[in-house]
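Geometric and topological summary
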Amino acid sequence: MFARRSSPPPALSSSDPLQPVGTGVELRGVTKRFGQTDAVASADLTVPAHSRLGIVGPSGCGKSTLLSMICGLIDPDAGTVDVLGAADAPGRLARCAWMPQRDLLLPWRGVLANARIPLENQGLSRREASRRVQPLLDRFGLAEFADHRPAQLSGGLRQRVSFLRTVAADKPVLLLDEPFGALDSITRADLQDWLRAMLADEPRTVVLVTHDVEEALLLCDRVVVMSARPGRVVASVDVPPYAGTGAAARRARLADPDFVALRDTVLAHLESAR
Ligand SMILES: Nc1ncnc2c1ncn2[C@@H]1O[C@H](COP(=O)(O)OP(=O)(O)OP(=O)(O)O)[C@@H](O)[C@H]1O
Ligand SMILES: [Mg+2]
């Protein structure tokens, strides 16, 4: 349905200080309270560099709060967060591309101008940033909307722009909060497939929050289930890798009895986590 990606985002050089070192993302005893609300309670998580962790859990259990703490937008009340060797908030922020649950597109900028913001922030000229973003606009079916403002777009289109902006930032850690929730099922499958292929080409450390258990199991190599608030990790399942991309490989995976059993296991954990 979309044009094939014509060129990959630029790779980080091996001397880049943001390259993964040792453990990717590590949370130890992380706790966060908002007023009277205990959002996250003593969470421990390890996401090895270049691995993909899926987080599922009941609404309000603190998943988005966890992502905000990983990328340094908010600080935990207790515990430590380490991202590729950086424990301070600016260091964590420099290593993470965060796709928030609600898109934070700037209303006065068009699609292209929104998508290139992270590259402009990294010091690229508007022209160079646009040149790098353009192939992704084509690939994600957004080229015809390049000059549209967010208010002129459907929710699904805005979500695609937000996803594009996150991957175009070209950071070693991707934090994705319900990245495909507003998309129709065909577009969602296409972008999931694109993400799998992209990560196979250029591995990154990924934390994916989703309400869609199948999505978590298709994209991640480990899925954890969080309890109702205050969120704690109550179950963790390892997901065996699968080969191939495209609709046929996806259908085969979804029908695989081992996959179905894994999905049922996660759903059962979710049921008891409520
Ligand atoms: N900035 C904030 N101020 C006050 N309370 C907050 C704030 N952010 C989150 N909370 C509260 O913390 C709890 C966890 O919120 P969070 O958004 O992390 O949940 P979630 O698991 O992402 O939920 P959902 O699945 O609905 O997106 C909720 O009770 C929420 O109301
Ligand atoms: Mg959330």
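By convention here, each chain's residues receive numbers from 1 onward along its written sequence. Here every chain gets a letter starting at A, and every ligand a number starting at 1, in the order they are written. With the structure being a predicted model, the display of local features is reserved for residues of pLDDT at least 70 and the display and counting of side-chain atom pairs for 80 or more, all residues being used for whole-chain, interface and lining totals. Hydrogens and water molecules were not included; the side-chain quantities draw on all heavy atoms of the structure.

Per an unreviewed UniProt entry, the recorded name for the protein is ABC transporter ATP-binding protein, and the organism is Candidatus Frankia alpina.

1. Notes on the UniProt feature "domain: ABC transporter" (unreviewed entry) in the protein
If you check UniProt for "domain: ABC transporter" (unreviewed entry), the listed places come out as residues 25–255 in our numbering. Only DSSP runs of H or I covering at least 4 residues are called helices, and only runs of E covering at least 2 are called strands; the numbering of each starts at the N terminus. The span residues 25–255 is 37% helix and 25% strand, and its two end C-alpha atoms sit 32 Å from each other. UniProt positions are given in the numbering used here, feature names are shortened, and annotations may be inferred rather than shown by experiment.

2. A few points about the sheet that holds strand 3 (residues 52–56)
Strands were regarded as paired on the criterion that DSSP finds at least two bridges between them. Strands sit in the order 5-6-7-3-8-9 across an open sheet of 6 strands; the sheet is mixed. Because the sheet does not close on itself, it has two edges, and the strands there are strand 5 (96–99) and strand 9 (233–238). Taken over all neighbouring pairs, the strand axes of this sheet differ in orientation by 15° on average, direction set aside. The strands touched by helix 1 (residues 63–70) are strand 3, strand 5, strand 6 (173–177), strand 7 (205–209) and strand 8 (222–226); relative to strand 6, the strand with the most contacts, the crossing angle is about 155°. Any two residues whose heavy atoms approach within 4.5 Å at even a single point are treated as in contact. Lines fitted to C-alpha atoms define the axes here, with helix axes fitted over just the stretch in contact, and angles between the N-to-C directions of these axes take values from 0 to 180 degrees. Strands in contact with helix 7 (residues 185–201) are strand 3, strand 6 and strand 7; relative to strand 6, the strand with the most contacts, it is inclined by about 165°.

3. Some points on empty space enclosed by the protein
In the cavity and pocket records, a cavity denotes points on a 1 Å grid over the protein atoms alone where a 1.4 Å probe fits but cannot get out, a pocket denotes an open set with protein on both sides within 12 Å along at least 5 of 7 lines, and lining residues are residues with an atom within 4 Å of a point. Grid points are joined across faces, edges and corners, and a volume is the space filled by probe spheres set on the points. Applying the stated criterion across every chain yields a total of 1 cavity of 30 Å³ or more. Taken as a whole, the largest cavity encloses approximately 40 Å³ of empty space. Surrounding the largest cavity, Ala189, Gln192, Asp193, Arg196, Leu218, Leu219, Tyr242 and Arg250 form its lining. Residue assignment for the lining of the largest cavity shows that the elements contributing at least two residues are helix 7 and helix 8 (213–219). Element by element, the count of residues in the lining of the largest cavity is highest for helix 7, at 4 residues.

4. Side note on the packing of aromatic side chains
Ring pairs are drawn from Phe, Tyr and Trp, using the six-membered ring of Trp, whenever the two centres fall within 6.5 Å, and their geometry is named by plane angle: stacked under 30 degrees, edge-to-face over 60, tilted for the rest. The tally for this structure, following the rule as stated, stands at 4 aromatic pairs. Here Phe163 and Phe180 contribute two aromatic rings whose centre-to-centre distance is 5.0 Å and whose plane-to-plane angle is 70°, an arrangement assigned as edge-to-face. On the criterion of sequence distance, the pair formed by Phe163 in helix 6 (residues 155–168) and Phe180 in the loop between strand 6 and helix 7 is long-range, its members being 17 residues apart. By relative accessible area, Phe163 is classed as buried at 0%. On the numbers, 5.9 Å between centres and 85° between planes, the contact of Phe163 with Trp194 is edge-to-face. Of this pair, Phe163 sits in helix 6 while Trp194 sits in helix 7; the two residues are 31 residues apart in sequence, bridging distant segments of the chain. Of the two residues, Phe163 and Trp194, neither departs from the other in class, the shared state being buried. Feature note: the residues Phe140, Phe163, Phe180 and Trp194 constitute an aromatic cluster, connected by ring pairs. Exposed residues in this analysis have more than 50% of their type's maximum accessible area, buried residues have under 20%, and partly exposed residues fall in between, with area computed by a 1.4 Å probe over protein chains only.

5. Some remarks on the site of ligand 1
Near residues are defined by distance, with any heavy atom within 4 Å of the molecule or strand qualifying the residue. Around ligand 1 sit 14 residues in total, of which Ser59, Gly60, Lys63, Thr65 and Gln101 are the nearest. The separation between an oxygen atom of ligand 1 and a polar main-chain atom of Cys61 is 3.1 Å. N or O atoms within 3.5 Å of each other form a polar contact, as long as, within protein, one can give a hydrogen and the other can take it, and as long as residues adjacent in sequence are counted only when both atoms are side-chain atoms. One nitrogen or oxygen atom from the side chain of His211 is found 3.0 Å from an oxygen atom belonging to ligand 1. With residues, only the protein chains shown are counted as cover, and all accessible areas are computed by Shrake-Rupley using a 1.4 Å probe. Isolated, ligand 1 exposes 630 Å² of accessible area, and the fraction of that covered by the protein chains is 62%. When residues of the shell around ligand 1 are traced back to their parent elements, those giving at least two are strand 2 (37–48) and helix 1. When residues of the shell around ligand 1 are assigned to their parent elements, the largest contribution, 3 residues, is made by helix 1. As a working rule, the residues Ala, Val, Leu, Ile, Met, Phe, Trp, Tyr, Cys and Pro are called nonpolar, Asp, Glu, Lys and Arg charged, and the rest polar, with Gly in that last group. Classifying every residue of the shell around ligand 1 gives 4 nonpolar, 8 polar and 2 charged.

6. Regarding the coordination of the magnesium ion (ligand 2)
Distances from the magnesium ion (ligand 2) to its protein donors, namely Ser64 (OG) and Gln101 (OE1), fall within the range 2.0 to 2.2 Å. With Ser64 in helix 1 and Gln101 in the loop between strand 5 and helix 3 (111–115), this residue pair connects regions lying 37 residues apart in the sequence. Of the residues examined, Ser64 reaches a relative accessible area of 26% and is grouped as partly exposed. For Gln101, a relative accessible area of 43% corresponds to the partly exposed category. Only nitrogen, oxygen and sulfur atoms qualify as donors, provided they sit within 2.8 Å of the metal or within 3.2 Å for Na, K and Ca; with water excluded from the atoms, sites may seem incomplete.

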